[in-house]
Amino acid sequence: MNILIVDDHEENRYLLETMFKAGGHDVQSVANGAEALARLKAGGCDVIISDILMPIMDGFQLCRKVKADEALRNIPVIIYTATYTGPQDEEFAMKIGADRFIQKPCEPDVFMRVVGDVMEAAARRDSASAPALPEEEEVLKLYSERLVRKLEQKMLQAEHEIQKRKEVEQTLKESEEKLRLITSSAQDAIIMMDDQGRISFWNEAAERIFGYSHQEVMGNDVHAILAPQRFHDAFHKGLPRFRETGQGPYLDKTAELAGRKKGGAEFPSELSLSGVKINGNWHAIGIIRDITDRKRVETEQKEMEKRLQQSQRMEAIGTLAGGIAHDFNNILTAIIGYTEMSLDTVEKGSIIEDYLHEVYS
């Protein structure tokens, strides 16, 4: 069976060609009704499958011309449409001679069965039994009604789409304003890096922390501007891996790193980094906090703890020394007491008395 497909969308023609060729049929395809009529003059067509909405000549006009042509009127015409889908559209198509009216999309097995049924009916039908076609004036009137109705539907659809687009734009505008307020009021720097390692977003806190304006950094290498020189080689070595996989040593974690301000001064920072995929490419979003004050407080706390520990050690030594002195004083008291009593009992002028006086004094 030789099938002629008429559709202005290439992908639609391709799908139908593939389906019918798989069924063992010969298939030709054209983009509109005018091309279809030119192809039909060459002969060899058993059935026409046509869309309706097409440029130059639509499916209604094609069907009307085919059925009005004595040489072509016996070729079955199947209307296959996704635009004209109402019952009046189907009624008009059948009135001007269409053999079947099918709405897109249609399951392949159902479509193949419909084509088979149409071909069997055409084989049983002789040219003399073909139904009479309506008068041209009636056709034009019905055709105009179909076009006006479709135009009205398209206008309503366009108005709805315009309104919906406005709502989406308003929602997007509100979301962008919320994001701007959030990022501008953040105390931490928020910086986005694209897959080439360039800065693509820079908030007000980043300006304050690093000292660069928005215009100075946008589109520039993030590490060349914000990181000390010693980190540059490691960054550029890891960039290809991030570009391909979205992975890196500092991603999805918080790390303390040195940052570099405008002018070259370094400062301690806390970096939280995450990867996001935008339009198929990996980008990194970094939240950077200047922890200079925190580090100073930590240093002061460590110094105070050190002093406290020193004071506690000195206190412990003092307590120990006091205890030893007390015990030693008790011993001395006893020695002095017994020496004093011994002086009353020893012989006056003896050497022992001299020794006791040495101890007592």
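The following refers to the structure shown. Here the structure is a predicted model, which means the values were calculated and not measured.

Another point: the environment of histidine 283. Checked against the element boundaries, histidine 283 lands in strand β10 (residues 281–290). A relative accessible area of 12% means that histidine 283 is categorised as buried. In sequence terms histidine 283 and arginine 243 are 40 residues apart; their C-alpha atoms lie 8.1 Å from each other.

In this description, a pair of aromatic rings is defined by centroid distance and the angle of the planes. Scanning the model with the defined rule gives five aromatic pairs in all. Taken together, the ring pairs in this structure connect Phe20, Tyr80 and Phe111 into an aromatic cluster. Directly above the aromatic system of phenylalanine 267 lies the positively charged group of lysine 261, at a separation of 4.5 Å from the ring centroid.

Let's shift gears to the pairing of strand β4 (residues 77–81). Among the five residues of β4, five are classified as buried, and the element is accordingly described as predominantly covered. Burial along β4 is two-sided: the residues Val77, Ile79 and Thr81 and Ile78 and Tyr80 are all buried. Relative to β4, strand β3 (residues 47–50) is paired through three bridges, and the arrangement is parallel. Residue pairing for β4: serine 50 is matched across the bridge by isoleucine 79. The parallel pair β3 and β4, bridged by helix α3 (residues 59–68), forms a crossover whose chirality is right-handed.

Along helix α4 (residues 87–95), the residues that are buried comprise Asp89, Phe92 and Ala93. Each buried residue of α4 sits inside an arc of 100° when the element is viewed along its axis, so together they form one side. For α4, the exposed residues lying more than 90 degrees away from the buried face are Pro87 and Glu91. Positive phi appears at glycine 97, one or two residues downstream of α4, with a value of about 115°.

The strand order across the open sheet built from five strands is β7-β6-β10-β9-β8, with neighbouring strands paired in antiparallel fashion. Whereas interior strands pair on both sides, the edge strands pair on one side only; in this sheet they are β7 (199–202) and β8 (253–260). Within the sheet, the average angular offset between the axes of one strand and its neighbour, ignoring direction, is 30°. Sheet topology places strand β6 (residues 189–193) next to β7; three bridges connect them, and they run antiparallel. The residue bridging isoleucine 191 from the neighbouring strand is tryptophan 202, located in β7. Against the sheet, helix α10 (residues 232–245) touches β6 and β10, its axis set at about 125° to β10. The sheet contacts of helix α11 (residues 292–343) involve β8, β9 (266–278) and β10, and relative to β9 the element is tilted by about 135°.

Attention shifts here to empty space enclosed by the protein. Applying the stated rule across the entire model yields one cavity of 30 Å³ or more. In this structure, the largest cavity spans a volume of roughly 30 Å³. What lines the largest cavity is simply Ile3, Leu4, Gln28, Arg39, Leu40, Gly43 and Cys45. The set of elements that each furnish at least two residues to the lining of the largest cavity consists of β1 (2–6) and α2 (33–40). Among the residues making up the lining of the largest cavity, the classes are represented as four nonpolar, two polar and one charged.

The next thing to look at is the nonpolar core. Note that soluble globular proteins tend to have their nonpolar side chains buried in a common cluster. Residues Val6, Leu40, Ile48, Leu62 and Val66 are the most contacted members of the largest nonpolar core, which totals 25 residues. Among the secondary structure elements, those contributing two or more residues to this core are β1, α2, α3, β4 and α4. For this core, the element with the most residues is α3, which contributes four residues. By size, the runner-up hydrophobic cluster in this structure holds 22 residues, among which are Ala189, Met193, Val217 and Leu239.

The subject of this paragraph is the pattern of salt bridges. Summed over the entire model, instances satisfying the criterion amount to 17 salt bridges. Residue lysine 261 pairs with aspartate 290 through a salt bridge whose shortest N-O separation is 3.7 Å. Residue lysine 261 is found in the loop between β8 and β9, and its partner aspartate 290 is found in strand β10; the two are separated by 29 residues along the sequence. Overall, the relative accessible area of 25% leaves lysine 261 in the partly exposed class. Within this structure, Glu256, Glu270, Arg294, Lys295 and Glu298 form a network of salt bridges that share partners.

Attention now moves to the sheet that holds β1. Sheet architecture is open: five strands sit in the order β2-β1-β3-β4-β5, paired in parallel fashion. For this open sheet the edge positions go to β2 (26–30) and β5 (100–103), each flanked by a neighbour on one side alone. This sheet shows a mean twist of 20° between the axes of neighbouring strands, independent of strand direction. The sheet contact formed by β4 and β5 spans four bridges and is parallel. Across the sheet, the residue bridging to threonine 81 is glutamine 103, located in β5.

Calculation notes
Residues numbered from 1 in each chain as written. Predicted model: local features only at pLDDT ≥ 70, side-chain atom pairs only at ≥ 80, totals over all residues. Heavy atoms only, no water. Helix = DSSP H or I, 4+ residues; strand = E, 2+ residues; numbered from the N terminus. Buried < 20%, exposed > 50% of the residue type's maximum accessible area, 1.4 Å probe, protein only. Phe/Tyr/Trp six-rings, centres within 6.5 Å; stacked < 30°, edge-to-face > 60°. Lys NZ or Arg CZ within 6 Å of the ring centre and 35° of its normal. Pairing = 2+ DSSP bridges. Right-handed = clockwise from strand over helix to strand, strands pointing away. Arc of directions from axis to C-beta. Axes fitted to C-alpha atoms, helices over the stretch in contact; angles between N-to-C directions. Contact = heavy atoms within 4.5 Å. 1 Å grid on protein atoms, 1.4 Å probe; cavity = no way out; pocket = protein on both sides within 12 Å on 5 of 7 lines; lining within 4 Å. Points joined across faces, edges and corners; volume = space filled by probe spheres on them. Nonpolar A, V, L, I, M, F, W, Y, C, P; charged D, E, K, R; others polar. Core = buried A, V, L, I, M, F, W, Y, C linked by side-chain atoms within 4.5 Å. Salt bridge = Lys/Arg side-chain N within 4 Å of Asp/Glu carboxyl O.

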